[in-house]
Amino acid sequence: MKTCDLHTHSLFSDGTCTPTELVRLARQQGVSALALTDHNTSKGLAEFMEAGRNSGVITVPGCEFSTDYEGTELHIVGLFFDEKTWAEIEDYVELMHIAKRNSNMRLIEKLREAHYDITYEEVSKITDADEFNRAHVARILFAKGYVKSVDEAFKTVLKEGNGFYVQPKRLSSLATIRFIKSYGGVAILAHPFLNLSYDGLCEFLPKAKAQGLDAIETLYSTFNEETVKKAIELTRRFGLLQSGGSDFHGKTKPDISLGTGRGNLSVPFEFYEKLLERKGD
């Protein structure tokens, strides 16, 4: 059965693979269609699309936006952005990047005040993204022996509310859906249930669909069988399409493999085809 992976990250956000390496890995894994959805940037898309030429892998240009819905962080994936719109993505997220930079500076300052040997410059060097995020800081803390794993860093030092990390201001979820649709993209709610309950989703999804939301991820690396059933039920209840992906980050999330997640993920190629049809509507 042909499969796809519509949620992956490169070193242009918090992944560790180049866009070219992602395409090569997808080919090795037998993935027929692959989307690059770096956080809040389109800067890896040119390399990604070039790598896809004559590779045998269909490459889908995308972006995962970090957004806010009534105080809750939601991630909205946009797919099928035409090249002429990539600069518009950068303009849209510019103010958020400024807020992120300020947040990062405060984080490093607080860590140094607490006698962690870490600098803004050394964290910046391990990513090609405009701004690093907590995953990059966690990698440095792990490398220097302050924590036993990247996951431990997130659960302790870098956990929101523990005094070091303060979440920067995010984009509006509903406005981001409108933005994606205004530039011809397909809008997808990434990993539902991560920050919203079933009842919360039932409240959010009608509002989101009114703004143009096309789909939600029903197949995701950390979803169990029961979660998948609930996600599919939501697509039927609100007339949405299905999407899915591994959320592959390379070494940042070593237990997640491209295409197969934790070993039990298989996203039908049909998901890609139906989303592409929606792009053409």
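This text gives an overview of the structure that appears in the document. Please read these numbers as outputs of a predicted model, since none were measured by experiment.

What the rule picks out here adds up to 15 salt bridges. When the shortest N-O distance is used, the salt bridge between Arg 53 and Glu 50 registers 3.6 Å. For Glu 50, a relative accessible area of 47% puts it in the partly exposed group. The closest approach of N and O atoms between Asp 68 and Arg 170, which form a salt bridge, is 3.3 Å. Highlighted residues: Asp 68 in strand 3 (residues 58–69) and Arg 170 in the loop between helix 6 (150–155) and strand 5 (171–172), separated in sequence by 102 residues.

Within the largest apolar cluster, 41 residues are counted, with the highest numbers of intra-cluster contacts made by Leu 34, Phe 65, Leu 189, Phe 204, Leu 205, Leu 213 and Ile 216. Ranked by residues supplied to this core, first place goes to helix 8 (residues 198–211) with five residues. Each residue touching Leu 205, except ones within four places of it in the same chain, is listed here: Leu 189, Leu 213, Ile 216, Leu 234, Phe 238 and Leu 240. If you look at the next biggest cluster of nonpolar residues, it comprises 24 residues, including Leu 79, Leu 265, Val 267 and Phe 269.

Between helix 1 (residues 19–29) and helix 2 (residues 45–52), whose axes approach to 8 Å, the crossing angle comes to 35 degrees. Where helix 1 crosses over helix 2, the two elements pack in a sense that is right-handed. Side by side, helix 1 and helix 2 meet where Pro 19, Thr 20 and Val 23 of the first sit next to Glu 47, Phe 48, Ala 51 and Gly 52 of the second. Looking at the contact of helix 1 with helix 2 residue by residue, the class counts come to four nonpolar, two polar and one charged.

When we look at a pair of aromatic rings, we describe it by the centre distance and by the angle of the planes. Tallying each qualifying case throughout the model produces 13 aromatic pairs. Ring plane angle 75 degrees and centroid distance 6.3 Å describe the contact between Phe 193 and Phe 223, whose orientation is recorded as edge-to-face. Of the two residues, Phe 193 is situated in the loop between strand 6 (186–189) and helix 8 and Phe 223 in the loop between strand 7 (215–220) and helix 9 (225–238); the sequence distance between them amounts to 30 residues. Ring pairs connect the aromatic residues Phe 65, Phe 81, Tyr 92, Phe 179 and Tyr 183, which therefore count as one cluster. Positioned over the ring face of Phe 269 is Lys 2, at 4.0 Å from the centre of the ring. The residue whose ring lies beneath Arg 134 is Tyr 165, and the NZ or CZ to ring-centre distance is 4.0 Å.

On to unusual backbone geometry. Although it is not a glycine, Asn 40 adopts a positive phi angle of roughly 55 degrees. Position of Asn 40 relative to the elements: it lies in the loop between strand 2 (31–36) and helix 2. Although it is not a glycine, His 191 sits at a positive phi angle of roughly 25 degrees. In this fold, His 191 is placed in the loop between strand 6 and helix 8.

In this section: the pairing of strand 4 (residues 72–79). For strand 4, a buried count of six out of eight residues is recorded, marking the element as mostly surrounded by other parts of the structure. Here strand 3 runs beside strand 4; their pairing, made up of eight bridges, is antiparallel. From the neighbouring strand, Tyr 69 faces strand 4, where its bridge partner is Thr 72. Taken together, strand 3 and the strand that follows it, strand 4, pair antiparallel across an intervening segment of two residues, in which Glu 70 is found at a positive phi of about 50 degrees. Here strand 4 pairs with strand 6 via four bridges, running antiparallel. Pairing of Ile 76 across the sheet is with Leu 189, part of strand 6.

Inspection of every chain in the model, using the stated rule, returns zero disulfides. The thiol of Cys 4 is unpaired, and the distance to the nearest cysteine sulfur, on Cys 63, comes to 19 Å. With a relative accessible area of 0%, Cys 4 lands in the buried category. Unpaired in terms of disulfides, Cys 17 finds its nearest cysteine sulfur in Cys 63, a separation of 18 Å.

The rules behind the values
- Residues numbered from 1 in each chain as written.
- Predicted model: local features only at pLDDT ≥ 70, side-chain atom pairs only at ≥ 80, totals over all residues.
- Heavy atoms only, no water.
- Salt bridge = Lys/Arg side-chain N within 4 Å of Asp/Glu carboxyl O.
- Buried < 20%, exposed > 50% of the residue type's maximum accessible area, 1.4 Å probe, protein only.
- Helix = DSSP H or I, 4+ residues; strand = E, 2+ residues; numbered from the N terminus.
- Core = buried A, V, L, I, M, F, W, Y, C linked by side-chain atoms within 4.5 Å.
- Contact = heavy atoms within 4.5 Å.
- Axes fitted to C-alpha atoms, helices over the stretch in contact; angles between N-to-C directions.
- Left-handed = near helix turned anticlockwise from the far one by under 90°.
- Nonpolar A, V, L, I, M, F, W, Y, C, P; charged D, E, K, R; others polar.
- Phe/Tyr/Trp six-rings, centres within 6.5 Å; stacked < 30°, edge-to-face > 60°.
- Lys NZ or Arg CZ within 6 Å of the ring centre and 35° of its normal.
- Pairing = 2+ DSSP bridges.
- Disulfide = S-S within 2.5 Å.

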